[in-house]
Amino acid sequence: MKPTIAASREAVMNPAAMVATNPQRQAWWLRLHERLMPDYNRRATVYWWSMVVFGLAVLAHAVQHVAGLPPQAWLHLAGGTVLAMLAGLVPVRIPRSTNSFTAGEIFIFLLLLLDGPEAAAIASACEAAVGSYRTSRRWTSRIASPAMAAVAMFSAGSLLHAALDALRRHGLDNDGLLLAGAICFALAYFVINTVMVTMVARLKSNEPLRLRSFIDSFGWLGVAYAGNASVASFLYLSFRSSGIVVVVAAVPIIVILLTTGHYFFRREEAEEAVRKAREQQAAQRQMLENARHAGMAEIATNVLHNVGNVLNSVNVSAELIGAKVRDSESSGLARAVALMDAHAHDLGDYLTSDPRGRLLPGYLKQLAEALAEERQGIAAELAALTKSVKHIKEIVATQQSYAGASSVVEEVQIIDLVEDALRIDTGGLADHQVSVVREFAAVPLLMLDKHRVLLILVNLIGNARFAMKGGADAGHRLTLGVQVAPDGTLQVGVSDTGEGIPADNLTRIFAHGFTTKKDGHGFGLHSCVLAAREMGGTLVAHSEGAGLGATFTLKLPLQPPTGSSAS
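Presented here is an overview of the structure given in this document.

What counts and what doesn't
- Residues numbered from 1 in each chain as written.
- Predicted model: local features only at pLDDT ≥ 70, side-chain atom pairs only at ≥ 80, totals over all residues.
- Heavy atoms only, no water.
- Axes fitted to C-alpha atoms, helices over the stretch in contact; angles between N-to-C directions.
- Helix = DSSP H or I, 4+ residues; strand = E, 2+ residues; numbered from the N terminus.
- Parallel < 35°, antiparallel > 145°, perpendicular 65-115°, else oblique.
- Left-handed = near helix turned anticlockwise from the far one by under 90°.
- Contact = heavy atoms within 4.5 Å.
- Nonpolar A, V, L, I, M, F, W, Y, C, P; charged D, E, K, R; others polar.
- Patch = residues over 30% accessible without salt bridge, like charges linked within 9 Å, V, L, I, M, F, W, Y side chains within 5 Å.
- Areas by Shrake-Rupley, 256 points an atom, 1.4 Å probe, with all protein chains shown as cover.
- Salt bridge = Lys/Arg side-chain N within 4 Å of Asp/Glu carboxyl O.
- Polar contact = N/O pair within 3.5 Å; in protein donor to acceptor, adjacent residues only side chain to side chain.
- Phe/Tyr/Trp six-rings, centres within 6.5 Å; stacked < 30°, edge-to-face > 60°.
- Buried < 20%, exposed > 50% of the residue type's maximum accessible area, 1.4 Å probe, protein only.
- Pairing = 2+ DSSP bridges.

**Details of the packing of helix α4 (residues 42–67) against helix α7 (residues 117–135)**
Any two packed helices are characterised by the angle at which their axes cross and by the distance between the axes.
So, step 1. Where α4 meets α7, the closest approach of the two axes is 8 Å, and the angle between their N-to-C directions is 125°. In this view, α4 runs oblique relative to α7, as classed from their interaxial angle. For α4 against α7, the interelement crossing comes out left-handed. Contacts between α4 and α7 involve V58, L59, H61, A62, V63, H65 and V66 from the former and E118, A119, A121, I122 and A125 from the latter.
So, step 2. A class-by-class count of the residues in the contact of α4 with α7 yields nine nonpolar, two polar and one charged.

Spelled out as C-alpha coordinates, the structure:
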(Lines give C-alpha, C1' and ligand atoms only; values in the text may rest on other atoms or scores of the structure.)
Protein backbone atom coordinates (compact mmCIF):
# COMPACT_ATOMS: atom_id res chain seq x y z
CA MET A 1 0.00 0.00 0.00
CA LYS A 2 1.45 3.33 -1.02
CA PRO A 3 1.72 6.08 1.62
CA THR A 4 -0.91 8.78 1.45
CA ILE A 5 -0.19 12.43 0.79
CA ALA A 6 -0.92 13.21 4.44
CA ALA A 7 1.53 10.54 5.58
CA SER A 8 4.20 11.87 3.22
CA ARG A 9 3.69 15.36 4.55
CA GLU A 10 4.02 14.06 8.13
CA ALA A 11 7.23 12.23 7.21
CA VAL A 12 8.71 15.44 5.79
CA MET A 13 7.78 17.57 8.79
CA ASN A 14 8.64 14.85 11.35
CA PRO A 15 10.85 12.07 9.89
CA ALA A 16 10.70 10.12 13.15
CA ALA A 17 6.92 9.67 12.73
CA MET A 18 7.33 7.60 9.57
CA VAL A 19 9.91 5.19 10.96
CA ALA A 20 8.00 4.75 14.23
CA THR A 21 5.44 2.55 12.43
CA ASN A 22 8.07 0.06 11.24
CA PRO A 23 10.40 -1.61 13.80
CA GLN A 24 13.17 -2.20 11.25
CA ARG A 25 12.99 1.34 9.97
CA GLN A 26 12.83 2.59 13.53
CA ALA A 27 16.01 0.71 14.49
CA TRP A 28 17.77 1.97 11.36
CA TRP A 29 16.64 5.51 12.10
CA LEU A 30 17.84 5.34 15.71
CA ARG A 31 21.27 4.05 14.64
CA LEU A 32 21.55 6.83 12.04
CA HIS A 33 20.44 9.44 14.56
CA GLU A 34 22.92 8.27 17.21
CA ARG A 35 25.73 8.39 14.65
CA LEU A 36 24.93 11.76 13.06
CA MET A 37 23.21 13.66 15.91
CA PRO A 38 24.38 11.98 19.16
CA ASP A 39 23.74 15.01 21.40
CA TYR A 40 20.28 15.83 20.04
CA ASN A 41 17.30 14.78 22.14
CA ARG A 42 13.83 14.25 20.64
CA ARG A 43 12.68 17.86 21.00
CA ALA A 44 15.91 19.24 19.52
CA THR A 45 15.73 16.76 16.63
CA VAL A 46 12.13 17.65 15.77
CA TYR A 47 12.95 21.36 15.99
CA TRP A 48 16.06 20.97 13.79
CA TRP A 49 14.19 19.07 11.08
CA SER A 50 11.30 21.52 11.20
CA MET A 51 13.59 24.52 10.71
CA VAL A 52 15.54 22.83 7.91
CA VAL A 53 12.38 21.81 6.01
CA PHE A 54 10.82 25.25 6.54
CA GLY A 55 14.03 26.94 5.36
CA LEU A 56 14.23 24.78 2.24
CA ALA A 57 10.62 25.65 1.44
CA VAL A 58 11.38 29.38 1.83
CA LEU A 59 14.45 29.11 -0.41
CA ALA A 60 12.50 27.16 -3.03
CA HIS A 61 9.84 29.87 -3.04
CA ALA A 62 12.52 32.59 -3.20
CA VAL A 63 14.29 30.99 -6.18
CA GLN A 64 10.99 30.62 -8.00
CA HIS A 65 10.12 34.24 -7.33
CA VAL A 66 13.53 35.63 -8.34
CA ALA A 67 13.43 33.61 -11.57
CA GLY A 68 10.49 35.78 -12.67
CA LEU A 69 12.29 39.08 -12.00
CA PRO A 70 14.07 41.07 -14.74
CA PRO A 71 17.78 40.41 -15.44
CA GLN A 72 18.74 43.58 -13.59
CA ALA A 73 17.43 42.03 -10.37
CA TRP A 74 19.52 38.93 -11.06
CA LEU A 75 22.62 41.13 -11.32
CA HIS A 76 21.69 42.81 -8.03
CA LEU A 77 21.26 39.40 -6.38
CA ALA A 78 24.53 38.01 -7.75
CA GLY A 79 26.56 41.10 -6.79
CA GLY A 80 24.98 41.50 -3.34
CA THR A 81 25.32 37.80 -2.54
CA VAL A 82 29.00 37.69 -3.54
CA LEU A 83 29.76 40.81 -1.49
CA ALA A 84 27.86 39.42 1.51
CA MET A 85 29.74 36.10 1.33
CA LEU A 86 33.12 37.85 1.03
CA ALA A 87 32.28 40.07 3.98
CA GLY A 88 31.35 36.97 5.96
CA LEU A 89 34.95 35.80 5.72
CA VAL A 90 36.17 38.85 7.69
CA PRO A 91 34.04 39.20 10.83
CA VAL A 92 34.46 42.04 13.31
CA ARG A 93 34.37 40.79 16.88
CA ILE A 94 32.50 42.94 19.36
CA PRO A 95 34.94 43.87 22.18
CA ARG A 96 34.54 41.98 25.49
CA SER A 97 32.08 39.49 24.04
CA THR A 98 32.06 36.25 22.07
CA ASN A 99 29.93 37.70 19.27
CA SER A 100 30.93 39.24 15.94
CA PHE A 101 29.24 40.89 12.98
CA THR A 102 30.07 41.34 9.31
CA ALA A 103 29.34 43.88 6.62
CA GLY A 104 27.37 41.22 4.75
CA GLU A 105 24.11 42.39 6.31
CA ILE A 106 24.53 45.81 4.66
CA PHE A 107 24.36 44.27 1.17
CA ILE A 108 21.62 41.83 2.20
CA PHE A 109 19.49 44.66 3.61
CA LEU A 110 20.14 46.66 0.44
CA LEU A 111 18.89 43.70 -1.65
CA LEU A 112 15.78 43.60 0.52
CA LEU A 113 14.99 47.24 -0.25
CA LEU A 114 15.80 46.87 -3.96
CA ASP A 115 14.35 43.48 -4.91
CA GLY A 116 12.25 42.20 -2.02
CA PRO A 117 12.46 39.63 0.78
CA GLU A 118 12.94 36.68 -1.59
CA ALA A 119 16.25 38.00 -2.97
CA ALA A 120 17.38 38.94 0.54
CA ALA A 121 16.52 35.46 1.84
CA ILE A 122 18.75 33.81 -0.79
CA ALA A 123 21.65 36.17 -0.02
CA SER A 124 21.16 35.73 3.72
CA ALA A 125 21.28 31.93 3.39
CA CYS A 126 24.51 32.11 1.35
CA GLU A 127 26.13 34.48 3.87
CA ALA A 128 25.07 32.23 6.79
CA ALA A 129 26.53 29.21 4.97
CA VAL A 130 29.90 30.96 4.77
CA GLY A 131 29.72 31.93 8.45
CA SER A 132 28.76 28.43 9.61
CA TYR A 133 31.56 26.84 7.57
CA ARG A 134 33.97 29.30 9.13
CA THR A 135 32.86 28.80 12.74
CA SER A 136 31.63 25.20 12.93
CA ARG A 137 32.60 21.77 11.64
CA ARG A 138 29.25 20.15 12.41
CA TRP A 139 27.09 19.36 9.42
CA THR A 140 23.97 20.06 11.48
CA SER A 141 25.05 23.67 11.99
CA ARG A 142 26.13 24.09 8.37
CA ILE A 143 22.67 23.01 7.20
CA ALA A 144 20.50 24.62 9.86
CA SER A 145 22.17 28.07 9.93
CA PRO A 146 21.43 28.94 6.26
CA ALA A 147 17.88 27.57 6.57
CA MET A 148 17.16 29.61 9.71
CA ALA A 149 18.72 32.74 8.19
CA ALA A 150 16.46 32.38 5.14
CA VAL A 151 13.36 31.95 7.33
CA ALA A 152 14.27 34.92 9.55
CA MET A 153 15.08 37.21 6.59
CA PHE A 154 11.95 36.25 4.64
CA SER A 155 9.72 36.73 7.71
CA ALA A 156 11.15 40.09 8.84
CA GLY A 157 11.59 41.34 5.26
CA SER A 158 7.99 40.54 4.38
CA LEU A 159 6.85 42.50 7.42
CA LEU A 160 9.00 45.47 6.36
CA HIS A 161 7.67 45.47 2.78
CA ALA A 162 4.09 45.14 4.04
CA ALA A 163 4.64 48.12 6.37
CA LEU A 164 6.23 50.23 3.62
CA ASP A 165 3.37 49.39 1.22
CA ALA A 166 0.86 50.45 3.86
CA LEU A 167 2.67 53.76 4.34
CA ARG A 168 2.67 54.40 0.59
CA ARG A 169 -1.05 53.75 0.36
CA HIS A 170 -1.65 56.34 3.05
CA GLY A 171 0.72 58.86 1.46
CA LEU A 172 3.28 58.60 4.26
CA ASP A 173 6.18 57.50 2.10
CA ASN A 174 9.26 59.46 3.19
CA ASP A 175 12.94 58.83 3.86
CA GLY A 176 12.70 59.19 7.63
CA LEU A 177 10.06 56.50 7.95
CA LEU A 178 12.05 54.29 5.58
CA LEU A 179 15.10 54.59 7.83
CA ALA A 180 13.05 53.91 10.98
CA GLY A 181 11.36 50.94 9.33
CA ALA A 182 14.70 49.51 8.22
CA ILE A 183 16.09 49.74 11.76
CA CYS A 184 12.99 48.05 13.20
CA PHE A 185 13.25 45.36 10.53
CA ALA A 186 16.92 44.75 11.35
CA LEU A 187 16.13 44.33 15.03
CA ALA A 188 13.27 41.96 14.20
CA TYR A 189 15.52 39.94 11.88
CA PHE A 190 18.24 39.82 14.54
CA VAL A 191 15.82 38.61 17.24
CA ILE A 192 14.12 35.98 15.04
CA ASN A 193 17.39 34.58 13.66
CA THR A 194 19.22 34.59 17.00
CA VAL A 195 16.34 32.99 18.88
CA MET A 196 15.98 30.24 16.25
CA VAL A 197 19.71 29.46 16.37
CA THR A 198 20.03 29.50 20.17
CA MET A 199 16.91 27.38 20.63
CA VAL A 200 18.81 24.35 19.32
CA ALA A 201 21.30 24.50 22.20
CA ARG A 202 18.53 25.31 24.69
CA LEU A 203 16.47 22.30 23.63
CA LYS A 204 19.49 19.99 23.73
CA SER A 205 20.24 21.04 27.31
CA ASN A 206 16.56 21.39 28.32
CA GLU A 207 17.11 24.99 29.40
CA PRO A 208 14.54 27.77 28.94
CA LEU A 209 15.39 30.90 26.96
CA ARG A 210 15.57 33.83 29.38
CA LEU A 211 15.19 37.40 28.15
CA ARG A 212 17.82 38.83 30.51
CA SER A 213 20.54 36.38 29.50
CA PHE A 214 19.58 36.83 25.84
CA ILE A 215 20.03 40.62 26.05
CA ASP A 216 23.27 40.28 28.03
CA SER A 217 24.71 37.88 25.44
CA PHE A 218 23.50 39.46 22.19
CA GLY A 219 22.56 43.07 22.99
CA TRP A 220 25.52 44.67 21.22
CA LEU A 221 24.98 42.40 18.23
CA GLY A 222 21.48 43.89 17.81
CA VAL A 223 22.99 47.38 17.79
CA ALA A 224 25.38 46.28 15.03
CA TYR A 225 22.47 44.96 12.96
CA ALA A 226 20.62 48.27 13.37
CA GLY A 227 23.74 50.15 12.25
CA ASN A 228 24.03 47.95 9.15
CA ALA A 229 20.37 48.61 8.33
CA SER A 230 20.98 52.36 8.60
CA VAL A 231 23.93 52.17 6.17
CA ALA A 232 21.87 50.05 3.77
CA SER A 233 19.03 52.59 3.90
CA PHE A 234 21.35 55.48 3.05
CA LEU A 235 22.82 53.46 0.16
CA TYR A 236 19.31 52.69 -1.08
CA LEU A 237 18.28 56.35 -0.97
CA SER A 238 21.49 57.34 -2.79
CA PHE A 239 20.92 54.58 -5.35
CA ARG A 240 17.43 55.89 -6.12
CA SER A 241 18.78 59.35 -6.88
CA SER A 242 22.24 58.61 -8.34
CA GLY A 243 22.18 55.01 -9.55
CA ILE A 244 24.53 52.10 -9.10
CA VAL A 245 27.63 54.33 -9.11
CA VAL A 246 26.98 55.32 -5.50
CA VAL A 247 26.84 51.70 -4.37
CA VAL A 248 30.01 50.81 -6.27
CA ALA A 249 31.83 53.76 -4.75
CA ALA A 250 30.59 52.89 -1.26
CA VAL A 251 31.87 49.31 -1.37
CA PRO A 252 35.61 50.11 -0.99
CA ILE A 253 34.81 52.64 1.73
CA ILE A 254 32.84 50.02 3.66
CA VAL A 255 35.64 47.48 3.16
CA ILE A 256 38.26 49.93 4.44
CA LEU A 257 36.19 50.86 7.49
CA LEU A 258 35.41 47.27 8.38
CA THR A 259 38.99 46.12 7.82
CA THR A 260 40.22 48.94 10.04
CA GLY A 261 37.66 48.02 12.70
CA HIS A 262 38.56 44.36 12.41
CA TYR A 263 42.27 44.90 13.02
CA PHE A 264 41.65 47.54 15.68
CA PHE A 265 39.44 45.20 17.66
CA ARG A 266 41.88 42.33 17.13
CA ARG A 267 44.62 44.48 18.60
CA GLU A 268 42.33 45.35 21.51
CA GLU A 269 41.69 41.64 22.04
CA ALA A 270 45.41 40.88 21.96
CA GLU A 271 46.14 43.59 24.53
CA GLU A 272 43.28 42.36 26.68
CA ALA A 273 44.62 38.79 26.43
CA VAL A 274 48.10 39.96 27.48
CA ARG A 275 46.65 41.89 30.41
CA LYS A 276 44.60 38.90 31.55
CA ALA A 277 47.64 36.62 31.21
CA ARG A 278 49.67 38.97 33.40
CA GLU A 279 46.89 39.13 35.97
CA GLN A 280 46.61 35.35 35.93
CA GLN A 281 50.36 34.95 36.42
CA ALA A 282 50.27 37.41 39.32
CA ALA A 283 47.32 35.54 40.84
CA GLN A 284 49.16 32.23 40.45
CA ARG A 285 52.27 33.64 42.11
CA GLN A 286 50.12 34.95 44.96
CA MET A 287 48.40 31.59 45.26
CA LEU A 288 51.75 29.81 45.42
CA GLU A 289 52.89 32.20 48.14
CA ASN A 290 49.66 31.72 50.07
CA ALA A 291 49.98 27.96 49.67
CA ARG A 292 53.57 28.12 50.92
CA HIS A 293 52.52 30.09 54.00
CA ALA A 294 49.61 27.72 54.53
CA GLY A 295 51.99 24.78 54.30
CA MET A 296 54.31 26.30 56.88
CA ALA A 297 51.30 26.99 59.08
CA GLU A 298 50.33 23.34 58.69
CA ILE A 299 53.82 22.27 59.83
CA ALA A 300 53.70 24.69 62.75
CA THR A 301 50.25 23.39 63.70
CA ASN A 302 51.57 19.82 63.67
CA VAL A 303 54.54 20.85 65.79
CA LEU A 304 52.29 22.54 68.34
CA HIS A 305 49.92 19.59 68.34
CA ASN A 306 52.69 17.10 68.95
CA VAL A 307 54.41 19.27 71.56
CA GLY A 308 51.02 19.50 73.28
CA ASN A 309 50.71 15.72 73.25
CA VAL A 310 54.16 15.32 74.81
CA LEU A 311 53.38 18.05 77.36
CA ASN A 312 50.40 15.97 78.44
CA SER A 313 52.84 13.18 79.26
CA VAL A 314 55.11 15.67 81.07
CA ASN A 315 52.14 16.89 83.10
CA VAL A 316 51.12 13.35 84.03
CA SER A 317 54.67 12.47 85.09
CA ALA A 318 54.97 15.65 87.14
CA GLU A 319 51.66 14.99 88.90
CA LEU A 320 52.67 11.42 89.69
CA ILE A 321 56.01 12.54 91.12
CA GLY A 322 54.25 15.22 93.18
CA ALA A 323 51.73 12.71 94.52
CA LYS A 324 54.52 10.27 95.45
CA VAL A 325 56.41 13.03 97.27
CA ARG A 326 53.28 14.17 99.10
CA ASP A 327 52.40 10.63 100.15
CA SER A 328 55.99 9.57 100.78
CA GLU A 329 56.70 7.01 103.53
CA SER A 330 59.61 9.21 104.67
CA SER A 331 57.31 10.68 107.36
CA GLY A 332 57.27 7.22 109.05
CA LEU A 333 61.05 7.29 109.19
CA ALA A 334 60.91 10.60 111.06
CA ARG A 335 58.54 9.11 113.64
CA ALA A 336 60.79 6.10 114.11
CA VAL A 337 63.82 8.32 114.64
CA ALA A 338 61.84 10.39 117.18
CA LEU A 339 61.06 7.23 119.18
CA MET A 340 64.70 6.20 119.17
CA ASP A 341 65.75 9.68 120.33
CA ALA A 342 63.21 9.52 123.17
CA HIS A 343 64.77 6.25 124.44
CA ALA A 344 68.37 7.09 123.72
CA HIS A 345 69.40 6.37 127.37
CA ASP A 346 67.86 2.89 127.38
CA LEU A 347 67.66 2.12 123.69
CA GLY A 348 68.80 -1.52 124.14
CA ASP A 349 66.20 -2.32 126.78
CA TYR A 350 63.55 -0.46 124.74
CA LEU A 351 64.21 -2.52 121.63
CA THR A 352 64.28 -5.84 123.53
CA SER A 353 61.86 -5.41 126.42
CA ASP A 354 59.28 -2.79 125.39
CA PRO A 355 56.42 -4.20 123.21
CA ARG A 356 56.47 -1.16 120.96
CA GLY A 357 60.24 -1.13 120.83
CA ARG A 358 60.38 -4.75 119.71
CA LEU A 359 58.20 -3.79 116.65
CA LEU A 360 60.51 -0.96 115.62
CA PRO A 361 63.21 -3.02 113.74
CA GLY A 362 60.57 -4.80 111.65
CA TYR A 363 58.90 -1.50 110.89
CA LEU A 364 62.22 0.02 109.81
CA LYS A 365 62.82 -2.94 107.45
CA GLN A 366 59.40 -2.54 105.83
CA LEU A 367 59.92 1.22 105.63
CA ALA A 368 63.25 0.70 103.85
CA GLU A 369 61.59 -1.54 101.30
CA ALA A 370 58.76 0.97 100.74
CA LEU A 371 61.19 3.83 100.32
CA ALA A 372 63.25 1.81 97.85
CA GLU A 373 60.12 1.06 95.81
CA GLU A 374 59.06 4.70 96.06
CA ARG A 375 62.49 5.85 94.90
CA GLN A 376 62.32 3.40 91.97
CA GLY A 377 58.93 4.74 90.95
CA ILE A 378 60.06 8.36 91.15
CA ALA A 379 63.17 7.51 89.15
CA ALA A 380 61.03 5.88 86.43
CA GLU A 381 58.73 8.90 86.25
CA LEU A 382 61.75 11.21 86.15
CA ALA A 383 63.16 9.14 83.28
CA ALA A 384 59.82 9.42 81.42
CA LEU A 385 59.76 13.12 82.17
CA THR A 386 63.32 13.55 80.89
CA LYS A 387 62.48 11.54 77.78
CA SER A 388 59.41 13.70 77.09
CA VAL A 389 61.39 16.90 77.51
CA LYS A 390 64.05 15.53 75.17
CA HIS A 391 61.33 14.62 72.69
CA ILE A 392 60.00 18.18 72.79
CA LYS A 393 63.52 19.47 72.24
CA GLU A 394 63.92 17.20 69.18
CA ILE A 395 60.59 18.30 67.69
CA VAL A 396 61.39 21.97 68.15
CA ALA A 397 64.98 21.54 66.91
CA THR A 398 63.78 19.75 63.77
CA GLN A 399 61.25 22.49 63.08
CA GLN A 400 63.84 25.22 63.69
CA SER A 401 66.21 23.60 61.21
CA TYR A 402 63.60 24.16 58.48
CA ALA A 403 61.86 27.31 59.72
CA GLY A 404 64.27 29.67 58.02
CA ALA A 405 65.01 27.47 55.04
CA SER A 406 64.53 29.05 51.65
CA SER A 407 63.73 27.27 48.42
CA VAL A 408 67.28 26.10 47.77
CA VAL A 409 68.18 22.79 46.20
CA GLU A 410 70.88 21.02 48.19
CA GLU A 411 72.36 17.58 48.71
CA VAL A 412 70.02 15.49 50.86
CA GLN A 413 69.33 11.93 51.86
CA ILE A 414 65.58 11.51 51.34
CA ILE A 415 65.35 8.86 54.08
CA ASP A 416 66.63 11.42 56.60
CA LEU A 417 63.91 13.83 55.49
CA VAL A 418 61.28 11.13 55.99
CA GLU A 419 62.62 10.45 59.49
CA ASP A 420 62.55 14.19 60.27
CA ALA A 421 58.93 14.43 59.13
CA LEU A 422 58.08 11.35 61.18
CA ARG A 423 59.86 12.81 64.22
CA ILE A 424 57.75 15.97 63.95
CA ASP A 425 54.57 13.86 63.99
CA THR A 426 55.69 11.04 66.30
CA GLY A 427 53.67 12.40 69.21
CA GLY A 428 50.47 12.37 67.16
CA LEU A 429 51.06 8.84 65.91
CA ALA A 430 51.83 7.60 69.41
CA ASP A 431 48.68 9.31 70.67
CA HIS A 432 46.62 7.23 68.20
CA GLN A 433 48.74 4.07 68.80
CA VAL A 434 49.55 3.71 65.10
CA SER A 435 52.36 1.35 64.17
CA VAL A 436 54.90 2.65 61.66
CA VAL A 437 56.38 0.42 58.96
CA ARG A 438 59.44 1.61 57.06
CA GLU A 439 60.07 0.22 53.59
CA PHE A 440 63.21 2.09 52.58
CA ALA A 441 65.24 1.00 49.58
CA ALA A 442 68.84 2.10 49.08
CA VAL A 443 68.63 5.60 47.64
CA PRO A 444 71.66 7.76 46.84
CA LEU A 445 72.16 11.34 47.91
CA LEU A 446 70.03 13.61 45.75
CA MET A 447 69.68 17.31 45.06
CA LEU A 448 66.32 18.23 46.61
CA ASP A 449 64.50 21.20 48.07
CA LYS A 450 64.44 20.17 51.72
CA HIS A 451 61.83 22.76 52.68
CA ARG A 452 59.26 21.72 50.09
CA VAL A 453 59.80 17.99 50.56
CA LEU A 454 59.38 18.30 54.34
CA LEU A 455 56.23 20.38 53.83
CA ILE A 456 54.74 17.60 51.72
CA LEU A 457 55.78 14.74 54.03
CA VAL A 458 54.53 16.40 57.22
CA ASN A 459 51.17 17.10 55.59
CA LEU A 460 50.82 13.56 54.26
CA ILE A 461 51.77 11.95 57.58
CA GLY A 462 49.41 14.28 59.44
CA ASN A 463 46.54 13.47 57.08
CA ALA A 464 47.24 9.74 57.45
CA ARG A 465 47.14 10.11 61.23
CA PHE A 466 43.82 11.96 60.98
CA ALA A 467 42.41 9.15 58.81
CA MET A 468 43.36 6.56 61.44
CA LYS A 469 41.73 8.09 64.51
CA GLY A 470 40.47 4.67 65.60
CA GLY A 471 43.98 3.22 65.72
CA ALA A 472 43.81 2.06 69.35
CA ASP A 473 41.12 -0.49 68.56
CA ALA A 474 41.60 -1.13 64.87
CA GLY A 475 45.37 -1.73 64.88
CA HIS A 476 46.08 0.79 62.14
CA ARG A 477 49.41 0.92 60.34
CA LEU A 478 51.31 3.71 58.60
CA THR A 479 53.66 2.54 55.86
CA LEU A 480 56.41 4.83 54.59
CA GLY A 481 58.18 3.78 51.42
CA VAL A 482 61.17 5.19 49.54
CA GLN A 483 62.45 3.78 46.25
CA VAL A 484 63.77 4.64 42.81
CA ALA A 485 61.12 3.66 40.26
CA PRO A 486 61.93 1.87 36.97
CA ASP A 487 61.13 5.09 35.08
CA GLY A 488 64.01 6.82 36.84
CA THR A 489 62.00 8.88 39.33
CA LEU A 490 62.25 9.05 43.09
CA GLN A 491 59.05 7.78 44.71
CA VAL A 492 58.06 8.41 48.31
CA GLY A 493 54.87 6.68 49.42
CA VAL A 494 52.71 7.32 52.48
CA SER A 495 50.09 4.58 52.97
CA ASP A 496 47.55 4.27 55.76
CA THR A 497 44.85 1.80 56.75
CA GLY A 498 42.38 4.51 57.65
CA GLU A 499 38.99 5.67 56.44
CA GLY A 500 39.96 5.75 52.74
CA ILE A 501 38.87 8.20 50.04
CA PRO A 502 35.56 7.90 48.11
CA ALA A 503 35.94 7.77 44.33
CA ASP A 504 34.12 11.11 43.94
CA ASN A 505 36.71 12.84 46.14
CA LEU A 506 39.82 11.44 44.43
CA THR A 507 39.55 14.11 41.72
CA ARG A 508 38.90 16.92 44.23
CA ILE A 509 41.19 16.34 47.19
CA PHE A 510 43.98 18.51 45.73
CA ALA A 511 41.65 21.43 44.93
CA HIS A 512 42.12 24.67 46.83
CA GLY A 513 39.69 24.87 49.76
CA PHE A 514 38.52 21.25 49.62
CA THR A 515 38.65 19.46 52.97
CA THR A 516 36.86 16.66 54.82
CA LYS A 517 38.02 17.85 58.25
CA LYS A 518 35.48 19.64 60.40
CA ASP A 519 37.92 22.44 61.21
CA GLY A 520 40.09 22.11 58.06
CA HIS A 521 40.94 24.94 55.68
CA GLY A 522 41.71 22.96 52.50
CA PHE A 523 45.25 24.34 52.08
CA GLY A 524 47.31 21.28 53.02
CA LEU A 525 47.09 18.96 50.01
CA HIS A 526 46.72 21.91 47.65
CA SER A 527 49.99 23.39 48.91
CA CYS A 528 51.59 19.92 48.62
CA VAL A 529 50.64 19.45 44.98
CA LEU A 530 51.84 22.97 44.16
CA ALA A 531 55.16 22.31 45.90
CA ALA A 532 55.55 19.03 43.98
CA ARG A 533 54.93 20.82 40.69
CA GLU A 534 57.46 23.52 41.58
CA MET A 535 60.06 20.75 41.93
CA GLY A 536 59.08 19.23 38.59
CA GLY A 537 57.31 16.29 40.20
CA THR A 538 53.80 15.05 40.89
CA LEU A 539 51.68 14.04 43.85
CA VAL A 540 49.01 11.41 43.25
CA ALA A 541 46.47 9.67 45.47
CA HIS A 542 44.98 6.20 45.29
CA SER A 543 42.28 4.52 47.34
CA GLU A 544 40.10 1.50 46.79
CA GLY A 545 37.22 3.31 48.47
CA ALA A 546 35.79 4.28 51.85
CA GLY A 547 37.25 2.29 54.75
CA LEU A 548 40.04 0.76 52.63
CA GLY A 549 42.87 3.16 53.38
CA ALA A 550 44.74 5.44 51.01
CA THR A 551 48.18 5.83 49.45
CA PHE A 552 49.80 9.11 48.46
CA THR A 553 52.84 8.92 46.19
CA LEU A 554 55.27 11.77 45.68
CA LYS A 555 57.26 11.43 42.45
CA LEU A 556 60.33 13.62 41.92
CA PRO A 557 62.91 13.67 39.14
CA LEU A 558 66.29 12.28 40.15
CA GLN A 559 68.95 14.96 40.43
CA PRO A 560 72.19 13.42 41.73
CA PRO A 561 74.66 15.80 43.38
CA THR A 562 77.36 17.23 41.16
CA GLY A 563 80.35 14.89 41.02
CA SER A 564 78.45 11.87 42.39
CA SER A 565 76.63 9.07 40.65
CA ALA A 566 73.57 7.09 41.57
CA SER A 567 74.27 3.45 42.21
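**Overview of a nonpolar patch on the surface**
So, step 1. Side chains of V82, L86 and L89 sit close together on the surface and give an oily, nonpolar patch of about 280 Å² of accessible area.
So, step 2. Positionally, L89 belongs in the loop between α5 (71–88) and β1 (92–93).

**Things to note about the side chain of N505**
So, step 1. With respect to the helices, strands and loops of the structure, N505 is situated in helix α18 (residues 503–506).
So, step 2. At 2.7 Å, the side chain of N505 forms a polar contact with the side chain of R508.
So, step 3. Once residues within four sequence positions are removed from consideration, N505 is found in contact with F514 and T516.

**Quick word on the packing of aromatic side chains**
So, step 1. For the structure on display, the rule yields six aromatic pairs.
So, step 2. Between the aromatic rings of F109 and Y189, the centroid separation amounts to 6.1 Å while the plane-to-plane angle is 90°, which identifies the pairing as edge-to-face. Separated by 80 residues along the polypeptide, F109 in helix α6 (residues 104–115) and Y189 in helix α9 (residues 175–205) bring together distant segments of the chain. Each member of the pair, F109 as well as Y189, is classed as buried.
So, step 3. Geometrically, the ring pair formed by F510 and F552 is edge-to-face, given 6.3 Å between the ring centres and 90° between the ring planes. Here F510, found in the loop between α18 and α19 (524–534), pairs with F552, found in strand β9 (residues 550–557); they are 42 residues apart in sequence, far enough to count as distant.
So, step 4. For F552, a relative accessible area of 9% corresponds to the buried category.
So, step 5. Ring pairing ties together the aromatic residues W48, W49 and W139, which thus form one cluster.

**Details of the sheet that holds strand β4 (residues 435–440)**
So, step 1. Taken in spatial order, the five strands make up an open sheet running β4-β6-β7-β9-β8, and their pairing is mixed. Here the strands that pair on one side only, and so sit at the sheet edges, are β4 and β8 (538–542). Between one strand axis and the next, the sheet turns by 15° as a mean value, whatever way the strands run.
So, step 2. Relative to β9, β8 runs antiparallel, the two being bridged by five bridges. From the neighbouring strand, L539 faces β9, where its bridge partner is L554.
So, step 3. Sheet strands touched by helix α16 (residues 450–467): β6 (477–484), β7 (489–496), β8 and β9. Its angle to β7, the strand with the most contacts, is close to 20°.

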